[in-house]
Amino acid sequence: MKVWIDGKLVDEAEATISVFDHAVLYGDGVFEGIRVYGGKIFRCDDHVARLIESAKAIRLPLKMTAEEIVDGMVAAIEANGVVDGYIRLVVTRGTGDLGLDPFICKKSTVFVIAATIQLYPQEMYENGLAVIIAKTPRRSHAVIPSAAKTLNYLNNIIAKMEAIDAGAGEAIMLNANGQVAEATGDNIFIVTGGIVVTPPLEAGILIGITRNLVIELAGELGVPVEQRAMDPAELFAADECFLTGTAAEVIAVTTIDGKTIGNGKAGPITMKLLEAFREKTKAL
Ligand code: PMP
């Protein structure tokens, strides 16, 4: 595999960063996970815009323009012959010393890995995922702006381990107020009485690119959408529940903590949104 790093394509063994990079020492940096469909970068502008916003939120100066970053992604896709796959775009804080001070880190690194992706089997899109509600709370929006997609994912990883221990596919995280925030790597939606509901930014969520597109698609399908605080009890009472994310696309949740949601199959609105989403990925 070839990796694009700081403007050059190199063999993966040569794609290295310093052990003094604050990305390694402190998880200090930002990233994006992006899909490639039919050789094209899906929602490229949205992802680059979010990367720039994430960098701003943690005061990390980007040493490359948006165009240079896109060129890097295209180079990595082409060098690896990726047609349908996944891009990991990362900006590290850079090489510093053992102290926390980020301002001494002058040499940040930008790298792009373009690879194939392990997808959920189609059967899972019809039968849905079993998830749990994590005991680990989602860290507050006030701790790290949750709109920033930073390299510091330990909060999510700890909740993900709870899901793995329970034999579940994902864990839903509640915020400090006990309200629904998001899954460890996906946003969450419910359908109740024909209305699609999803938690707002203030709940402590990443504003997912897939989430935004699904909200748009619901609008096109004439399905009303509400972004509002959501009580966990609403999950169990919902007609449908689904997750959205770059890797998962739109996937139904059919059990939570072992309790069946709706009729235990992917619901009709979930399936319509998945279909509309997949149409978009074909129309690149
Ligand atoms: N929430 C979290 C915590 C995530 O890491 C992700 C992305 N993996 C999402 C939501 C979904 O965002 P997107 O649709 O942009 O992939």
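None of these values were measured; they are calculated from a predicted model.

Conventions and cut-offs
For every chain, the first residue of the written sequence is number 1, and numbering continues from 1 along that sequence. Under the rules for a predicted model, residues below a pLDDT of 70 receive no local features and side-chain atom pairs below 80 are neither given nor counted, while totals for whole chains, interfaces and linings still include all residues. Computation of side-chain values covers all heavy atoms of the structure but excludes hydrogens and water. Going along the chain from the N terminus, every DSSP run of H or I of four or more residues is numbered as a helix, and every run of E of two or more is numbered as a strand. Residue count minus one, scaled by 1.5 Å, sets the expected span of a helix. Strands were regarded as paired on the criterion that DSSP finds at least two bridges between them. Throughout, a residue-residue contact means that at least one pair of heavy atoms, one from each residue, lies within 4.5 Å. Axes here refer to lines fitted to C-alpha atoms; in helices the fit is confined to the stretch in contact. Angles between the N-to-C directions go from 0 to 180 degrees. Each patch is built from residues that are more than 30% exposed by relative accessible area and take part in no salt bridge. Like charges join if they lie within 9 Å; nonpolar side chains (Val, Leu, Ile, Met, Phe, Trp, Tyr) join within 5 Å. Residue burial considers only the protein chains on display, and all accessible areas are found by Shrake-Rupley using a 1.4 Å probe. Each reported salt bridge corresponds to a side-chain nitrogen of Lys or Arg within 4 Å of a carboxyl oxygen of Asp or Glu. Per-residue accessibility, obtained with a 1.4 Å probe over protein chains only, is compared with the maximum for each type, and a residue is labelled buried under 20%, exposed over 50%, and partly exposed between these values. Any residue with at least one heavy atom within 4 Å of a molecule or strand is counted as near it. Each polar contact in these results corresponds to two N or O atoms within 3.5 Å; when the atoms are within protein, one needs to be able to donate a hydrogen and the other to accept it, and residues that are neighboring in sequence are counted only if both atoms are side-chain atoms. When residues are sorted by character, Ala, Val, Leu, Ile, Met, Phe, Trp, Tyr, Cys and Pro go into the nonpolar class, Asp, Glu, Lys and Arg into the charged class, and all the rest, Gly among them, into the polar class.

Participant: Could you give me a rundown of helix H6 (residues 209-220), with the residues and numbers involved?
Facilitator: For an α-helix the count is 3.6 residues per turn, leaving residues at separations of three or four pointing the same way. Between the first and last C-alpha of H6 there are 17 Å, a value that for 12 residues agrees with the 16 Å anticipated at 1.5 Å per step. A positive backbone phi angle near 75 degrees is found at Gly222, which sits one or two residues after H6.

Participant: Tell me about the sheet that holds strand E1 (residues 2-5), residues and numbers included.
Facilitator: Pairing is antiparallel in the open sheet, where 6 strands are placed in the order E2-E1-E6-E5-E3-E4. Bordering the open sheet on either side are strand E2 (8-11) and strand E4 (40-41), each of which pairs with just one other strand. Across 8 bridges, strand E3 (residues 29-37) lies against strand E5 (residues 85-92) in antiparallel orientation. Paired with Val30 across the bridge in E5 is Val91. The strands that helix H2 (residues 44-57) touches are E3, E4 and E5; relative to E3, the one it contacts most, it runs at about 175 degrees.

Participant: Could you give me a rundown of a nonpolar patch on the surface, with the residues and numbers involved?
Facilitator: Together, Val19, Phe20, Val24, Leu25, Tyr26, Leu98 and Leu100 line one region of the surface with nonpolar side chains, adding up to about 680 Å² of accessible area. With respect to the helices and strands, Leu25 occurs in helix H1 (residues 22-26). Looking at Leu25, the relative accessible area reads 32%, which means it is partly exposed.

Participant: Go over the site of the ligand with me, naming the residues and quoting the values.
Facilitator: Near the ligand you find 16 residues, and of these Tyr153, Glu182, Ile209, Thr210 and Thr246 are the closest. Between the ligand and the protein, one listed contact pairs a nitrogen atom with a side-chain N or O atom of Glu182 at 2.6 Å. Coverage of the ligand by the protein chains reaches 92% of its 390 Å² of free accessible surface. Secondary structure elements with two or more residues in the shell around the ligand: H6 and strand E13 (240-245). Of the residues assigned to the shell around the ligand, the class counts are 3 nonpolar, 9 polar and 4 charged.

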